[in-house]
Amino acid sequence: MKIALLGYGKMGKVIERIALERGHEIVLRKSSASTYEGLSDADVAIDFSVPDSAVCNISECLNTNIPVVCGTTGWLEQYDEMVALCKEKNGGFIYGSNFSLGVNIFFELNDYLAKMMSNLEQYKVSMEEIHHTQKLDAPSGTAISLAEGIMKNSDYTSWTLDNPETNQIHIDAKRIENIPGTHSIFYDSAVDQIEIKHTAHSREGFALGAVIAAEWLKDKKGVFTMKDVLNLDR
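Everything numeric in this text was worked out from a predicted model, so none of it was measured.

K.L.:
Describe the packing of aromatic side chains, naming the residues involved and giving the relevant values.
P.N.:
By the definition in use, this model includes 6 aromatic pairs. Seen in terms of ring centroids, Trp216 and Phe224 are 4.9 Å apart; in terms of plane orientation they differ by 85 degrees. Their pairing is edge-to-face. Put simply, the rings of Trp75, Tyr79, Phe93 and Tyr95 touch in pairs and so form one group of aromatic residues. Between the NZ or CZ atom of Lys13 and the centre of the ring of Tyr8, over which it lies, the distance is 4.2 Å.

Pasting the structure below:
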């Protein structure tokens, strides 16, 4: 399979190595200063760029009829536009706030726990996410996905980085050197605490999941998520 890498920073280089190990060919390594030359030769593109570049990269792929996997976060105010463009062009598109296979299992656990806790008013939920200091957005896309999972299964209506109101989930977003990504959900009562936590040990889990998503997306049409890739909607 021929892959175009849109974003050739630290994550792009890890994705490249894993893709090559899995027998794929890299036909484009796009940095912010380079062009899209080679994109049309790709079977699928993987975007791990920066928020300001993601929409342009996704649009270019869909307009060139190249399926695209996007793991860039911080641009989701334009997500619906990209979904509409994908449908208009009959393209293939996967966005994921986190492509780690373990995190996507964690998403499912978070949803299930939120359902179990929804009628226990004595427990108040909060979250913590820790990432490396180069991460540009806060809270992380993964933390927002986790908060949305809680909200759809409870009476919580929004999240905040500040002091929370009654129906708000507080997210404590920390930036610490050399932390690939740690996400914790806490349910606190006067007598105890329930915690679920996912800790990434390296970037490789994110990269492997992105390559697996790209392998799955090749030749498919539509808008998908990692639930589709991992067959979690059973």
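Continuing now.
K.L.:
So, the pattern of salt bridges: which residues are in play, and what are the values?
P.N.:
Taken as a whole and assessed by the stated rule, the structure comprises 11 salt bridges. Linking Lys174 and Glu128 is a salt bridge whose minimum nitrogen-to-oxygen distance equals 2.9 Å. Pair noted here: Lys174 is in strand β8 (residues 168-175) and Glu128 is in strand β6 (residues 124-131), with a separation of 46 residues, a long-range link. The partner of Lys174 in a salt bridge is Asp172, with the nearest N and O atoms 3.8 Å apart. When its relative accessible area of 32% is taken as the criterion, Lys174 is described as partly exposed. Overlapping salt bridges bring together Arg17, Glu21 and Glu204 as one network.

K.L.:
Any details on the sheet that holds strand β3 (residues 44-47)? Residues and values, ideally.
P.N.:
Taken together, the 6 strands give an open sheet; going across it, the order is β2-β1-β3-β4-β5-β11, and neighbouring strands pair in parallel fashion. Every interior strand has two partners, whereas the edge strands, β2 (25-30) and β11 (222-224), have only one. For this sheet the average axis-to-axis angle between neighbouring strands, irrespective of direction, equals 15 degrees. Here strand β1 (residues 2-6) pairs with β3 via 4 bridges, running parallel. Among the inter-strand pairings, Ala4 is bridged to a residue of β3, identified as Ala45. Strands β5 (92-95) and β11 of the sheet are contacted by helix α3 (residues 79-89), whose axis makes an angle of about 160 degrees with β5.

K.L.:
Now, about the packing of helix α1 (residues 10-21) against helix α6 (residues 204-217): what can you tell me, with residues and values included?
P.N.:
Close contact between α1 and α6 brings their axes to 9 Å; oriented N to C, the two are set at 60 degrees. The angle between the axes of α1 and α6 places the two elements in the oblique class. The way α1 lies across α6 gives a crossing that is right-handed. Between α1 and α6, the residues in contact are Met11, Val14, Ile15, Arg17, Ile18 and Ala19 and Glu204, Phe206, Ala207, Leu208, Ala210 and Val211, respectively.

K.L.:
Run through the nonpolar core, naming residues and quoting values.
P.N.:
Counting 25 residues, the largest nonpolar core has Ile15, Ile46, Val69, Ile94 and Phe99 as the members making the most contacts within it. At the level of secondary structure, the elements contributing two or more residues to this core comprise β1, α1, β3, α6 and α7 (226-230). Sort the elements by how many residues they give to this core and α6 lands first, with 7 residues. Setting aside chain neighbours within four positions, we find Ile94 in contact with Val68, Val69, Cys70, Phe99, Ala213, Trp216, Leu217, Phe224, Thr225 and Val229. With 21 residues, the next largest nonpolar core counts Leu39, Leu85, Cys86 and Phe93 among its residues.

K.L.:
Before we move on, could you go through the sheet that holds β6 and cite the residues and values that matter?
P.N.:
Across the sheet, which stays open at both edges, the 5 strands sit in the order β7-β8-β6-β9-β10 with mixed pairing between neighbours. Each end of this open sheet is capped by a strand with a single partner; those strands are β7 (158-160) and β10 (193-199). Taken over all neighbouring pairs, the strand axes of this sheet differ in orientation by 20 degrees on average, direction set aside. Where strand β9 (residues 182-188) meets β10, 7 bridges bridge the pair, whose relative direction is antiparallel. The residue of β10 that forms the bridge with His183 is His198. Along the sheet, helix α4 (residues 101-117) makes contact with β9 and β10, crossing β10 at roughly 165 degrees.

Rules of the game
- Every chain's residues receive numbers from 1 upward, in the order its sequence appears when written.
- pLDDT decides what is reported in this predicted model: residues at 70 or higher carry local features, side-chain atom pairs at 80 or more are listed and counted, and totals for whole chains, interfaces and linings draw on all residues regardless.
- The basis for every side-chain value is the complete set of non-hydrogen atoms in the structure, without hydrogens or water.
- Between rings of Phe, Tyr and Trp, where Trp is taken as its six-membered ring, a pair exists when centres lie within 6.5 Å; planes separated by under 30 degrees are stacked, by over 60 edge-to-face, and by other angles tilted.
- Whether a charge sits over a ring comes down to the Lys NZ or Arg CZ being within 6 Å of the ring centre and within 35 degrees of the ring normal.
- Here a salt bridge means any side-chain nitrogen of Lys or Arg lying within 4 Å of a carboxyl oxygen belonging to Asp or Glu.
- Under the DSSP-based scheme used, a helix requires at least four consecutive residues in state H or I and a strand at least two consecutive residues in state E, with every element numbered from the N terminus.
- Under the scheme applied here, a residue whose accessible area is under 20% of the maximum for its type counts as buried, over 50% as exposed, and between as partly exposed, the area being computed with a 1.4 Å probe on protein chains only.
- At least two bridges found by DSSP between two strands are what make those strands a pair.
- Axis definition: a line fitted to C-alpha atoms, limited for helices to the stretch in contact. Angles are taken between N-to-C directions and run from 0 to 180 degrees.
- Working rule for contacts: check all heavy atoms of both residues, and any pair within 4.5 Å makes them a contact.
- Put simply, angles under 35 degrees are roughly parallel, angles over 145 are roughly antiparallel, angles from 65 to 115 are roughly perpendicular, and the rest are oblique.
- Crossings are classed by handedness, with left-handed meaning an anticlockwise turn of the near helix from the far one by less than a right angle and right-handed meaning a clockwise turn.
- To qualify as a nonpolar core, a set must consist of buried Ala, Val, Leu, Ile, Met, Phe, Trp, Tyr and Cys residues joined through side-chain atoms within 4.5 Å.

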